[in-house]
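Now for the letters of each chain:
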Amino acid sequence: MSEALIFSLFNLMARGLSSAAGLLLARAVAPEAFGEYALALNYAVLLGVLARMGGNEVLLVTRDGASASALRRWMGVGISLYALLAIGFAVGIAPLLGLSAFIFAFCALRAAAEQVGLQMINSRLQRQERLGRVNLMTVLISLAVAIAVACAAGPALYHQGVELVTGAEFSADLTTPAGMFGLAPVPTFVMVSAIALVIVMALGMWLSRDALADARAEADAAAGDEGVGQEGAGQRRLPSKADFARGRGFLYNNLMSFAYLQAWVILAGLAFAPAQVASVSVVTSIVFALYVFPTSLYRYYLPKLTHGGARLKEYLVIASGFALPVAGGLALIAPWLAEHFLSGAYPRLTLTLRAFALVYLVHAFVTCAFTRLAALRLNGKRLLCQSTGATLVVGGGLAIAALNHSLGNASGDTGSLLGVDLYSLFLCVPVAAEVVMLAMAILFQPSLSRGGKAHEDNAAASA
């Protein structure tokens, strides 16, 4: 239990630092500029989720997940696919969305390093049970983003902070952000963070070396190649069909998770003005940092669930005990802090943050329910719950976007229908989706006696 807590708390600390860096950038630039950056990054992250094809989870749970050859194969396939997706998106879709080609290109480079390379490297390190190095990588990622903020608007943020704390007044030249290299703060931020994360990925490749395991894997591969000939040797360069099939299952889970929160920024971009997109992005950045705790716990326990019910009980106790105080504190304190820190520049931030605090609270228990379903081998039921939630989120968001535009509010002002505020209705959709998923997961849970019998039956069948 202590290892799980340390592993998750390091992930939480790293994600918290990255979210803090995002808040600093939001304070330094106008909401419209931050909204464009948020849209570009979320599209790039979505492409990264597609390109991974669940490879990071495959490396985590398969028997040869610790081999360097498996890591290189998955990373090679993922980054190659990501490059094709990013080029196609930049040429065919990004101009239609009004995204800056420069900003999107470096957001894509950043997402390729973080969403494809670093995810797989961390999975290999975790498979090797080198949790210290996993924690080091997560902290380095957040530090890379913090360095980018310092390069983009460090002096201005320093003077703004002094003004905020002491009440002293500085000239506009000192408190106006100006990035390095002659670029505006947002382009400077995305360029420096992308380059820094590529360097961190290269360092991760070096840290994940395991000479003994790699030599053993290469010897096994050479012996296999001698037995199957040159044609078989060529086929071994890529993951097997079984690996791809398992990866597709994990990919589906990752896409559903993306739809619950990160895609909400994209949906807001279709419905509302850039300033409101920026508000949603600021809030999702804060809440997603808190999501790291239950999701990293889940990743820690995923390869251990087959060892019996004790690990599952540990997970349920830790995740449930953490969810209530954090979500309650977020709902009460964070809106006031965020409004004060961002000087009220982001519209409707308090309402958005309270809605997503409720989303986090429900989602923590949804994750617990999904973990129990996975332990009972009821993965089909879990996928049905996730499909329902993603359909509600995406369908509801698109419906509200279409309704908003049909009412003549393409300029971004929230519309109303029979006195209903569409922006408030927009925020209710993820809450409703999480409640529906939780209800479905609870209904699918068998009784304890039936669950124990089912677990024994599954164990006997697998034996």
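From a predicted model like this one, the values you see are computed outputs, not experimental measurements.

K.L.:
Lay out the pattern of salt bridges with the relevant residues and their values.
P.N.:
Side chains that differ in sign of charge can pair as their charged atoms come close. Scanning the model with the defined rule gives one salt bridge in all. Residue R110 pairs with E114 through a salt bridge whose shortest N-O separation is 3.9 Å. With a gap of four residues between them, R110 and E114 both fall in helix 6 (residues 101-127), about one helical turn apart. In this structure E114 comes out as buried when scored by relative accessible area, which is 18%.

K.L.:
Please give an account of unusual backbone geometry that cites residues and values.
P.N.:
Notably, M53 is not glycine yet its phi reads approximately 55 degrees, a positive angle. Along the chain, the position of M53 falls in the loop between helix 2 (31-52) and helix 3 (55-61). In the Ramachandran plot, R348 falls in the positive-phi region, its phi being about 60 degrees despite a non-glycine side chain. Residue placement: R348 occurs in the loop between helix 14 (309-341) and helix 15 (349-375).

K.L.:
Please give an account of the packing of aromatic side chains that cites residues and values.
P.N.:
One pass over the full model with this rule turns up ten aromatic pairs. Pairwise contacts between aromatic rings join F34, Y37, F189 and Y346 into one cluster.

K.L.:
Tell me about helix 7 (residues 131-166), and name the residues and values.
P.N.:
With 36 residues, helix 7 should reach 52 Å at 1.5 Å per residue; the first-to-last C-alpha distance of 41 Å falls well below that figure. Maximum bend of helix 7: about 85 degrees, positioned at A153, with proline P155 one to four residues after it. Residue G167 follows helix 7 closely and has a positive phi angle near 85 degrees.

K.L.:
Pulling in residues and values, what's your account of the packing of helix 4 (residues 68-92) against helix 6?
P.N.:
Where helix 4 contacts helix 6, the two axes come as close as 10 Å, and the packing angle between them is 160 degrees. Considering their axes alone, helix 4 and helix 6 lie roughly antiparallel with respect to each other. Crossing handedness for the pair helix 4 and helix 6: right-handed. On helix 6, the residues touching A68, L71, W74, M75, G78, I79, Y82, A86, F89 and A90 of helix 4 are F104, C107, A108, A111, A112, V116, G117, M120, I121 and R124. In the contact of helix 4 with helix 6, the residues fall into 17 nonpolar, two polar and one charged.

Rules used in this analysis
- Residues numbered from 1 in each chain as written.
- Predicted model: local features only at pLDDT ≥ 70, side-chain atom pairs only at ≥ 80, totals over all residues.
- Heavy atoms only, no water.
- Salt bridge = Lys/Arg side-chain N within 4 Å of Asp/Glu carboxyl O.
- Helix = DSSP H or I, 4+ residues; strand = E, 2+ residues; numbered from the N terminus.
- Buried < 20%, exposed > 50% of the residue type's maximum accessible area, 1.4 Å probe, protein only.
- Phe/Tyr/Trp six-rings, centres within 6.5 Å; stacked < 30°, edge-to-face > 60°.
- Expected span 1.5 Å × (residues − 1).
- Bend = angle between axes of the 7 residues up to and from the residue.
- Axes fitted to C-alpha atoms, helices over the stretch in contact; angles between N-to-C directions.
- Parallel < 35°, antiparallel > 145°, perpendicular 65-115°, else oblique.
- Left-handed = near helix turned anticlockwise from the far one by under 90°.
- Contact = heavy atoms within 4.5 Å.
- Nonpolar A, V, L, I, M, F, W, Y, C, P; charged D, E, K, R; others polar.

Everything listed is a geometric property; what it means functionally is a separate question.
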